[in-house]
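An overview of the molecular structure
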Amino acid sequence: MCGIVGATGVNQVLPSLLKGLEKLEYRGYDSAGVYVNGGKDGDFLVREKGRVSRLKAATENKHITGTAGIAHTRWATHGGVSVENAHPHMSEDGRFYLVHNGVIENFDELRDNYLQGVKLQSETDTEIAVQLIDKFSKEDNLSTFDALRKMISLLDDNSAYGFLLMDNETPDLMYAAKKKSPLLIGVSDQANVVTSDAAAMLDITQDFIELMDGEVAIIDKEKVTLFDVQGKQIERESFHLDIDASETDKGVYPYYMLKEIDEQVIVAHTLSQHYFDDDANVQNIDDEIIDAIKASDRLYIVAAGTSYHAGLVGKRYFEKWTGIPTEVHISSEFAYDQPLLSQRPFFIFLSQSGETADSREVLDNVVKQGYPSLTIANVMNSTLTREATFALPLLAGPEIAVASTKAYTAQIIVEAILAHAVGNSEVDLKNELAKAAVEMQVIIDQKDKFKIIAEQALKNQSSAFYIGRGLDAAVAVEAALKLKEISYIQTEGFAAGELKHGTISLIEEGTPVLGLVTQSKTAGLVRGEIAQVSARGANTVIIASKSLAKANDAYVLPDVDELLMPLLTVIPAQLIAYYATLDRGLDVDRPRNLAKSVTVQ
Ligand code: F6R
């Protein structure tokens, strides 16, 4: 959460910083700000409430010149959404400028102990950090580097930070520090950059150095110097990131979400090519992973949000194909309320970003307890992939829309392949997945149908339900999350049989209830439950698989192996959410109050 970019050595740095911020907006978009050191032209600090486009407009006609600067897009934690609370924050005398991603847990204590005489401009924890740097540099006569390190040494253990600092007395230099919040240093012959996500700076470089927890870096236009926790200089090679800058563009699409929904088919093919050889044997999953899972007596899938929902689907694959009992847990709950574990647990973390703080908290505990773990993530080299025993990639390409789509289907596919590899299941999974990919494309090509369903069922509605049983119940909760998070229609995803135990009282004339019917064992029961709500006035919309479909169903899904039906069933739900949101004139990619990578607990 919160996005940081900085650059030094770029001829006219402002456009690069603003472009970088646009790419980082998925990390937060309450407010945005930029600082450029203009050398003899002085310091430029511009901050605006709202989206980066407003900041961009505010910088026009200001004749901002300079080759080094830092910028930030905010997801508010401490202090409301205001210009004063927007980053960069400035020290009292205007010398230091700081952007921050993370939370300083003991900021009020630091303020009371050290900054009594300072007139604070904001309510943020970040301003405390920059005022402390200023104080230590003046009163203790410390260099900027030492003042930054002294400030960091006062932060309590629970604090998280990615800091990027500039001192106007050394205009070409940036200082970066990191703990728990991601920060990468990009290097090139002409310029060096710092960013929360490589995608923001691909126009300048594809070579990055990772900053590790506790480290500090000094970056100027020619070189990068890294220091470990003790302040000792260290060396680290850069790595080359093979991402095409165009992958992070919308191209011809009006919204990233639509592009990412469409990309699900290609992701399915990519995963198949990566994880299967020509003879349909699983490849690229180390024997060590398979052996570790086989040696365990219980699997614990831990994740948040959409990734948790993918875990609910994956549980079926692990139990059916490996015979190992599998539990699925919400990471924010597991972190502070760990259930009694089996004798030989194995942990599977699912995450698009690999940075979700709630999941990281669980992984920290798992590592401390010495249990083996695997992270399945889209962003490799992320904290969750680095800190788990093993990691497997989702290969979905950058997912930019806040609402996750292709990462969800990729997670389901990788879980299926892994369970298949461990269990040596009889299923010809490569072939079944290929069929599913073909049918996903068929559904995606019928977008207009979902536009019509969205308009007919959801226009002017303030609440809705998705219901199903078994795997359809697992998809129903994801379908409901998709719809509510972007359209703001309060939607519940429900195990259909549970409705009559209380929630059915919410059904009134016209309440939209979308029923998912793709599992033969329970199809009749779900249809019965749909009839019950229909009898109470609900406006029912049935999405059923071909072999279970009946006349008047709103949409008929092609048939694939029932276990793989979630890969298909979720697509109508994603598209219905998309069109319902468009119909309301809302920003599909950037729903209010949300951010893509949730790096605070
Ligand atoms: C919803 C969504 C979130 C994420 C959740 C976990 O569309 O994207 O619910 O799934 O914040 O994030 P990751 O997968 O990055 O750990």
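Before reading further, recall that the structure is shown in the block above.
Residues numbered from 1 in each chain as written. Predicted model: local features only at pLDDT ≥ 70, side-chain atom pairs only at ≥ 80, totals over all residues. Heavy atoms only, no water.

**Concerning the side chain of Asp134**
The topology assignment puts Asp134 in helix H4 (residues 125–139). For Asp134, a relative accessible area of 4% corresponds to the buried category. (Helix = DSSP H or I, 4+ residues; strand = E, 2+ residues; numbered from the N terminus. Buried < 20%, exposed > 50% of the residue type's maximum accessible area, 1.4 Å probe, protein only.)

**Thoughts on the sheet that holds strand S2 (residues 31–37)**
Pairing within the open sheet is antiparallel, and its eight strands lie in the order S3-S2-S4-S1-S10-S9-S11-S15. Looking at strand neighbours, the two that pair on one side only are strand S3 (43–49) and strand S15 (239–240), the edges of this open sheet. The pairing of S2 with strand S4 (residues 68–74) spans seven bridges and is classified as antiparallel. Its bridge partner lying in S4, Val34 is registered against Ala71. Strands strand S1 (3–8), S2, S4 and strand S10 (192–195) of the sheet are contacted by helix H1 (residues 14–24), whose axis makes an angle of about 160° with S1. The strands touched by helix H2 (residues 52–59) within the sheet are S2, S3 and S4, with S3 carrying the most contacts at an inclination of about 140°. (Pairing = 2+ DSSP bridges. Contact = heavy atoms within 4.5 Å. Axes fitted to C-alpha atoms, helices over the stretch in contact; angles between N-to-C directions.)

**Notes on the packing of aromatic side chains**
By the definition in use, this model includes 14 aromatic pairs. An angle of 40° between the planes, with centres 6.5 Å apart, marks the rings of Phe208 and Phe239 as tilted. With a gap of 31 residues between them, Phe208 in strand S11 (residues 207–210) and Phe239 in strand S15 connect regions that are remote in the sequence. Grouping aromatic residues by their ring pairs yields a cluster made of Tyr300, Phe334, Phe347, Phe349 and Tyr371. Its end group placed over the ring of Tyr29, Arg51 keeps NZ or CZ at 5.5 Å from the ring centre. (Phe/Tyr/Trp six-rings, centres within 6.5 Å; stacked < 30°, edge-to-face > 60°. Lys NZ or Arg CZ within 6 Å of the ring centre and 35° of its normal.)

**Overview of the site of the ligand**
Taken together, the neighbourhood of the ligand is formed by 15 residues, with Ser307, Ser351, Ser353, Thr356 and Glu485 sitting nearest. Between Ser404 and the ligand, the recorded distance is 2.9 Å, taken from a backbone N or O atom to an oxygen atom. Burial of the ligand by the surrounding chains reaches 90%, relative to a free accessible area of 410 Å². A majority-of-atoms criterion places the ligand in the second largest pocket. Contributing elements (two or more residues each) for the shell around the ligand: helix H9 (305–322) and helix H16 (471–487). Per-class residue counts for the shell around the ligand are five nonpolar, eight polar and two charged. The residue makeup of the shell around the ligand includes at least three contributed by each of domain 2 (251–442) and domain 3 (446–588). (Near = heavy atom within 4 Å. Polar contact = N/O pair within 3.5 Å; in protein donor to acceptor, adjacent residues only side chain to side chain. Areas by Shrake-Rupley, 256 points an atom, 1.4 Å probe, with all protein chains shown as cover. 1 Å grid on protein atoms, 1.4 Å probe; cavity = no way out; pocket = protein on both sides within 12 Å on 5 of 7 lines; lining within 4 Å. Sits in = over half its atoms within 2 Å of the grid points. Nonpolar A, V, L, I, M, F, W, Y, C, P; charged D, E, K, R; others polar. Domains from an automatic or database assignment.)

**Considerations on the pattern of salt bridges**
A complete count under the given rule lists 31 salt bridges for this structure. Measuring nitrogen to oxygen at the nearest pair gives 3.9 Å for the salt bridge that ties Arg590 to Glu25. Taken together, the residues span a long stretch of sequence, with Arg590 in the segment after helix H18 (565–583) and Glu25 in the loop between H1 and S2 at a distance of 565 residues. Both residues of the pair, Arg590 and Glu25, count as buried. For the salt bridge of Asp587 with Arg51, the shortest nitrogen-to-oxygen distance reads 2.6 Å. Highlighted residues: Asp587 in the segment after H18 and Arg51 in the loop between S3 and H2, separated in sequence by 536 residues. You can call Asp587 partly exposed: its relative accessible area is 24%. Under the relative-accessibility criterion, Arg51 is labelled partly exposed at 28%. By sharing partners, the salt bridges in this structure join Glu25, Arg51, Asp587 and Arg590 into a single network. (Salt bridge = Lys/Arg side-chain N within 4 Å of Asp/Glu carboxyl O.)

**Considering the layout of surface pockets**
Its boundaries defined by the atoms lining it, the largest pocket holds a volume of some 990 Å³. Taken together, 42 residues form the lining of the largest pocket, with Ile243, Asn378, Val379, Met380 and Pro398 sitting closest to its centre. Listing elements by their share of the lining of the largest pocket, those giving two or more residues are helix H7 (264–275) and helix H12 (383–387). The element contributing the most residues to the lining of the largest pocket is H7, with three residues. Among the residues making up the lining of the largest pocket, the classes are represented as 19 nonpolar, ten polar and 13 charged. Two domains each put at least three residues into the lining of the largest pocket: domain 1 (3–248) and domain 2 (251–442). A volume near 560 Å³ is recorded for the second largest pocket. Together, 26 residues line the second largest pocket, and Ala304, Gly305, Thr306, Ser307 and Val598 are the ones closest to its centre. (Points joined across faces, edges and corners; volume = space filled by probe spheres on them.)

**Remarks on the sheet that holds strand S18 (residues 345–351)**
Strand pairing in a sheet relies on backbone hydrogen bonds. The paired strands run either parallel or antiparallel. Spatially, five strands are ordered S17-S16-S18-S19-S20 in an open sheet, and the strand pairing comes out parallel. Either end of the sheet is taken by a strand with one partner, and the two such strands are strand S17 (326–330) and strand S20 (390–393). Neighbour-to-neighbour, the strand axes of this sheet turn through a mean angle of 20°, independent of strand direction. Each of strand S16 (298–303), S18, strand S19 (373–377) and S20 is contacted by helix H8 (residues 287–294), which is oriented at about 115° to S20, the strand it contacts most. Along the sheet, H9 makes contact with S16, S17 and S18, crossing S17 at roughly 175°.

**A closer look at the pairing of S11**
Bridge count between strand S9 (residues 184–187) and S11: three bridges; the pairing is antiparallel. Bridge assignment links Gly186 to a residue of S11, and that residue is Phe208. Both S11 and S15 contribute to a ladder of two bridges, which runs antiparallel. Paired with Asp207 across the bridge in S15 is His240.

**Looking at a negative patch on the surface**
A grouping of Asp286, Asp287, Glu288 and Asp291 is seen on the molecular surface, where their side chains present a negatively charged patch. Among the secondary structure elements, Asp287 is positioned in helix H8. (Patch = residues over 30% accessible without salt bridge, like charges linked within 9 Å, V, L, I, M, F, W, Y side chains within 5 Å. Lys, Arg positive; Asp, Glu negative; His and termini not counted. Charge placed at Lys NZ, Arg CZ, Asp CG, Glu CD.)

**With respect to the pairing of S17**
Of all five residues making up S17, four are buried, and the element is well covered by its neighbours. In this structure, S16 lies alongside S17, joined through five bridges in parallel fashion. Paired with Ile301 across the two strands is Val328, which belongs to S17. Handedness of the β-α-β unit built from S16, H9 and S17 comes out right-handed. (Right-handed = clockwise from strand over helix to strand, strands pointing away.)

**Focus: empty space enclosed by the protein**
The rolling of a water-molecule-sized probe over the atoms marks out the regions of remaining empty space. A full pass over the atoms with the stated rule returns two cavities of 30 Å³ or more. Put simply, the largest cavity is a space of about 70 Å³. Around the largest cavity, the lining residues are Cys2, Arg74, Trp75, Thr77, His78, His87, His100, Gly102, Asp125 and Thr126. Elements with a contribution of two residues or more to the lining of the largest cavity: strand S6 (96–103) and H4. Of the residues in the lining of the largest cavity, the class split is two nonpolar, six polar and two charged. In this structure, the second largest cavity encloses a volume near 40 Å³. Lining the second largest cavity, in full, are Lys19, Lys23, Ala199, Ala200, Leu202, Asp203, Ala245 and Thr248. For the lining of the second largest cavity, a count of residues per class yields four nonpolar, one polar and three charged.

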